[in-house]
Structures are given as C-alpha cells and as structure tokens.
Amino acid sequence: MVRRFGLLHATALNMTNMIGIGPFITIPLLMSAMGGPQAMLGWVVALITVLCDSTVWSELGAAMPGSGGSFGYLRQGYGAQKLGRLMGFLFVWQFVLSGPLEIASGYIGFSHYLGYIWKGITPGQTMLVITIVGLVNLALLYRRIKSIAAITVALWIGTIVTVVAVIATGAMHFDAKIAFDFPPGAFNFSLGFLLGLGTASRVGAYDYLGYYDVCYIGDEVENPGRVIPRSILISTIAVALIYVAINFSIIGVVPWREFVPVKSHPESDFVVSIFMERIYGSGVATILTAMILWTAFGSVFALLLGYSRVPYAAARDGYFFKVFARLHPSQGFPYVSLVVLGVLSIVAGFVSLGMVIDALLTTRILVQFIGQIGAVTLLRRRAPDMPRPYRMWLYPLPSLVALLGWIFIFATTPKLVIAFGIGALLLGVLCFGVWSWKSRTWPFAEVS
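What counts as what
- Residues numbered from 1 in each chain as written.
- Predicted model: local features only at pLDDT ≥ 70, side-chain atom pairs only at ≥ 80, totals over all residues.
- Heavy atoms only, no water.
- Helix = DSSP H or I, 4+ residues; strand = E, 2+ residues; numbered from the N terminus.
- Rg over C-alpha atoms; globule rule 2.2 N^0.38 Å.
- Buried < 20%, exposed > 50% of the residue type's maximum accessible area, 1.4 Å probe, protein only.
- Areas by Shrake-Rupley, 256 points an atom, 1.4 Å probe, with all protein chains shown as cover.
- Lys, Arg positive; Asp, Glu negative; His and termini not counted.
- Charge placed at Lys NZ, Arg CZ, Asp CG, Glu CD.
- Phe/Tyr/Trp six-rings, centres within 6.5 Å; stacked < 30°, edge-to-face > 60°.
- Lys NZ or Arg CZ within 6 Å of the ring centre and 35° of its normal.
- Expected span 1.5 Å × (residues − 1).
- Arc of directions from axis to C-beta.
- Contact = heavy atoms within 4.5 Å.
- 1 Å grid on protein atoms, 1.4 Å probe; cavity = no way out; pocket = protein on both sides within 12 Å on 5 of 7 lines; lining within 4 Å.
- Points joined across faces, edges and corners; volume = space filled by probe spheres on them.

Draft legend 1. Region of the structure containing the overall build of the chain. When you go through the chain residue by residue, the secondary structure sums to 18 helices and 0 strands. On C-alpha atoms alone, the chain measures out to a radius of gyration of 22 Å, which is about the 22 Å that the 2.2 N^0.38 rule sets for 448 residues. Considered along the principal axes of its C-alpha atoms, the chain spans approximately 70 × 50 × 45 Å. Burial statistics for the chain: of 448 residues in total, 55% are counted as buried. Summed over all atoms, the accessible surface of the chain reaches about 18,400 Å², with 70% contributed by carbon and sulfur. Treating the 29 positive side-chain charges of the chain as one cloud and the 18 negative ones as another, the clouds have centres 10 Å apart.

Laid out in structure tokens, this is it:
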C-alpha cells in the first residue's frame, strides 16, 4: 500500500468520522440523562476515558501499523494461533452487530430531522423513511467504488459549514443565564445521580467514536509511529472543543427545559432546526435542516462502505465465516458483507436512538476497548523488546483509567442492554467453537 496519509489527512479522516451526524442528534439525550446542563459532567467522564484510551490505540497503532486496526492488535496481543484467533473472531462478530447500530443512528437522525420539514410524520412513516433511506444507501453501494475521496470531501465540507453556522450563531446570541440554569439539587450525589452520569457518559462516548479510525488504514500512513498518535490526540481534542461549542450554542439560546425529557418533547428530534428558526426564521432553519440531512446521509454512506470491508477482510484471511469473503462475480466488491450489514442497519433503525447508542457501546466495550487494554498489557510483558515508536506515557496509569471508565459506562447501562451485550458475546464464543470444530483449527486443531 502507498503511504500517502500525512498528519493533516489522518487527522481529517478521524474528525470526519467523529463528527458526522452526532452533534446534531445527541444534545437532547445528553441533557435528559441528568435533567439539566449538569449532564456535561458525563461528557467530561467520556472525554477522560477516551483520552486515556487513545494512548492504548496510539501505542498499538504505532507498533503495528497495518490495516485492520483492532483485528490485528487483538490477534497479536493474545497470540495469533490460539486465544488471538478467538479475540479476532469476536471482534468481527461484535463489529457485524455494532457496525449496523452505528449506521442505524444515522438513519434515525435523518428521520428525526426530516420531521422538521415533514410536519406531523407518524412512527409508521418514520420507519418507512428509515427503510427507504437504508435501501437507497445499499443500492448506491452495490457496485465497485473506486474512490471515496470526493464523497469524504463533500461530507466534510457540509459538516464543517453546518457546524460553523451553529457555533457562530450561538456565540452571537449566547445567554449564560439560559445555559447555566441548573435545576434544584442538580449535584446531589445519589444512585440516581450515578446512573444518570453513566447515561450521559455513554452519549458522550458515542459522540467521540472514530478517534481511532486512522488505525484501520495504518499501512497507508506515512511515518506511522509519529502520525498515528498525533492524529488521534489532535482529532480528539479538536472534536471535544467543537462539541463544547455546539452544546453551549444550543442550550445558551434554547432553554433545556423545552426539550427535556426527550420523550415528552417531540421537537427535541430536531433541536438544531428549532435553534436556527428562533433566530433567523423557518426559511434559514429549513436550509440548515437540509444540510443536516445531507450530512446524515453522507455519514451512513461512508460508514456502510468502510464497515462492509471489515468482515470481508477477516473472512478472506481465514478468521471469520467464509461466506463473507465472497466477491460480486462481475464487479468484485464484497456483496455478502455489504448486504448483511446493510439489512441489519435498517432493522436496527426501528428502535430508539438511546437504545441504539447503549447497545452499540455495550457490544464494543467488552471485546474491543477492554480487550485492547489487555492486549497492550500482554504485549508489554511478552514482547518487551518490540519496537514501539510511541510508548504510553505514565504506563500503566492511562490504561487503568480507561479501563475504569469503560467499566463504569458498561456497569451503568440498563440491565436489558447489558444482557444483550453479554448474550451476543457468548453466542459469538459458541459460533467460534462450532466454526473452529468444523474447520479443525484451534482449539480443535489436533482432532482427527
């Protein structure tokens, strides 16, 4: 692969995937988590967790700059021929579940903001919209895509223009009394406060997803030992500042009580449109809404395109079900992987945004995030002389903080969602056992 991604390109790639539709759909969920602007504490917990976790990604990415990211790190960290096979399989297994959930959040966001233009849209019509948008996305990708550069640039420009418009408007009309209107007892510590903090932290963690995307194309990054860690750190801090600006721009103009709780305020589905309408009128708000719809569709297009390649690559290398390695007979794209993830994304779009975010993070935390913390620790012990262009500062403190953060986010998730995450993981282990037995690979390699 040609190493053509410098620091600027790598940072832009991370930021493009981190922002997407996220800032426009999660503000009401964040404020509803704790019933007021004190929910920003959860966002801070997520930021600390992600910043510490970024050092894990940086060390692994700089030391093993190949394509695949977590898939390669988990295999090498736990032993490529034994336990690493299970961890690699489980990563792809959870990715087939969590990838569609992330794409579904874009479909849900699209349908929410369409509700500003399509007045009185019903739940049935919303499901129809999600289905149509999902099928159009799948149809557009059901062909060989030679370059995503133009699409990425168009998505990035649309996102940045929209973000800048919101931040600039908020800065000019910001009212601190509205923004910092804390409810009585906002900071009283209790079990409810802790659970609310966990919910806000999950929303915050969702907003940051993508800070590690450069690791998936490590073999295309020039000077990866330097570029990968710096791009991860720069993009995380830059997006954190952008999110702070967007959040306070909104709640400094639109009182949070007008869209909290989400279930009692349908207008929370398109709060940024309401924000623009109050200042500039419905005409400008409609234009901004159209830009958000464009950003939402562009993000799900890019996500489905990129994510459909992960199960394909693993299957091609013999680490996942062979059916996912099938290519279209005439155009040569991984059509099985594309269709499976595309259909699952549509189905996942039929549940609430909050449930999608909870399930998405729950499935990723156990194998990918916590699993990688274990991988970096094992590699430090088993391969102390391994070349590490970047070494985690104050090791192992950042990885321990990240571990505690992920455990807190996971433990404060609703029990039903935790059961889903653990159940999906156990089903993955069972499928790995059956698959390994049939293919006579570890742990059944010696069975005749």
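Still to come is the rest of the account.
Draft legend 2. Looking closely at the packing of aromatic side chains. In the structure shown here, the tally under the stated rule is 28 aromatic pairs. Consider the rings of F180 and F248, whose centres lie 5.5 Å apart with planes at 40°: the pair is tilted. With F180 in the loop between α9 (176–179) and α10 (191–208) and F248 in helix α11 (residues 224–251), this residue pair connects regions lying 68 residues apart in the sequence. Overall, F248 belongs to the partly exposed group, its relative accessible area being 22%. Linked through ring pairs, F89, W93, F320, F321, F324, F432, W435 and W442 together constitute an aromatic cluster. The ring of Y116 has K119 lying over it, and the distance from NZ or CZ to the ring centre is 4.1 Å.

Draft legend 3. Representation of helix α17 (residues 397–411) in the model. With 15 residues, α17 extends 21 Å from end C-alpha to end C-alpha; this agrees with the ideal 21 Å at 1.5 Å per step. Taken together, the buried positions of α17 are P398, S399, A402, G405, W406, I409 and F410. Down the axis, α17 shows its buried residues gathered within 130° of arc, on one side only. Residues of α17 that are exposed and point over 90 degrees away from its buried face: L404 and A411. On its buried side, α17 packs onto α4 (40–63), α10, α16 (353–382) and α18 (415–439).

Draft legend 4. Representation of the layout of surface pockets within the structure. Space inside the second largest pocket adds up to approximately 1,000 Å³. Lining the second largest pocket are 39 residues, with H112, V262, D269, S352 and L353 positioned closest to its centre. The set of elements that each furnish at least two residues to the lining of the second largest pocket consists of α2 (22–25), α3 (27–34), α6 (83–117), α7 (123–141), α10 and α16. Of all the elements, α16 adds the most residues to the lining of the second largest pocket, at 5 residues.

Draft legend 5. A look at unusual backbone geometry. Note that the residue after V260, namely P261, is joined by a cis bond; omega there is -5°. One can find P261 in the loop between α11 and α12 (271–280). Each neighbour pair has its own omega, and for W442 with P443 the value is 10°, a cis peptide bond. Assignment of secondary structure puts P443 in the segment after α18. Backbone geometry at L394 places phi at a positive 60°, although glycine is not the residue there.

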